[in-house]
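Chain residues, written in single-letter form:
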Amino acid sequence: MKLLLFLLTMRARAFLVDTWAKQWWPVGFVSELKESPQASYLLGAPIVTFHDGARWRTMLDRCPHRFARLSEGRVTRGGLLECPYHGWSFDGATGEC
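Everything quoted here is computed from the prediction, not taken from an experiment.

**Details of the overall build of the protein**
In terms of regular secondary structure, the protein is built from 1 helix and 6 strands. Moving toward the C terminus, one meets the helices and strands of the protein in the order α-β-β-β-β-β-β. Across the 97 residues in the protein, those meeting the buried criterion constitute 25%. Considering only contacts in the protein between residues 6 or more positions apart, those separated by 24 or more positions represent 24%.

**Topic: the environment of Thr94**
With respect to the helices and strands, Thr94 occurs in the segment after β6 (89–90). When the C-alpha atoms of Thr94 and Met59 are compared, they prove to be 9.5 Å apart, with 35 residues separating the residues in sequence. Looking at Thr94, its side chain comes within polar contact range of the main-chain nitrogen of Glu96, at 3.2 Å.

**Some words on the sheet that holds strand β4 (residues 74–75)**
Here 3 strands make up an open sheet; going across it, the order is β4-β5-β6 and the pairing antiparallel. Both edges of this open sheet fall to β4 and β6, since each of them pairs with a single strand only. Both strand β5 (residues 81–82) and β6 contribute to a ladder of 2 bridges, which runs antiparallel. Bridge pairing in β6 places Leu81 opposite Phe90.

**Overview of the environment of Leu70**
Relative to the helices and strands, Leu70 resides in the loop between β3 (56–60) and β4. We classify Leu70 as buried; its relative accessible area is 1%. The spacing of Leu70 and Gln38 is 32 residues in sequence and 9.0 Å in space, taken between C-alpha atoms.

**Some details on the sheet that holds strand β2 (residues 45–51)**
With antiparallel pairing, 3 strands are arranged side by side in an open sheet as β1-β2-β3. At either end of the open sheet lies a strand with only one pairing partner, and these are β1 (38–42) and β3. Between one strand axis and the next, the sheet turns by 35 degrees as a mean value, whatever way the strands run. When β2 meets β3, the two strands line up antiparallel, connected through 5 bridges. In the sheet register, Val48 faces β3, and the bridge partner there is Met59.

Rules used throughout
Residues numbered from 1 in each chain as written. Predicted model: local features only at pLDDT ≥ 70, side-chain atom pairs only at ≥ 80, totals over all residues. Heavy atoms only, no water. Helix = DSSP H or I, 4+ residues; strand = E, 2+ residues; numbered from the N terminus. Buried < 20%, exposed > 50% of the residue type's maximum accessible area, 1.4 Å probe, protein only. Contact = heavy atoms within 4.5 Å. Polar contact = N/O pair within 3.5 Å; in protein donor to acceptor, adjacent residues only side chain to side chain. Pairing = 2+ DSSP bridges. Axes fitted to C-alpha atoms, helices over the stretch in contact; angles between N-to-C directions.

This is the structure in structure tokens:
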């Protein structure tokens, strides 16, 4: 009985995340944001918000290599978010490494 409830809950959560993640969400007031990477959560997912030199960017707060928190990294001179673990850099506009 508990397993069935867990499976139903996971399916419902997957639907909600897929549906709600494709929307615009406020993540903070610009006056309270720092230009350095800042960690927070949105819909239960860890996100990082940072300024790339031109615009505010938000992306998942994890590096795909070792799941390091990108919010503990830094923004490079070129506006890329650099992972603190191995130095991989990510474009906030496209998410490309």
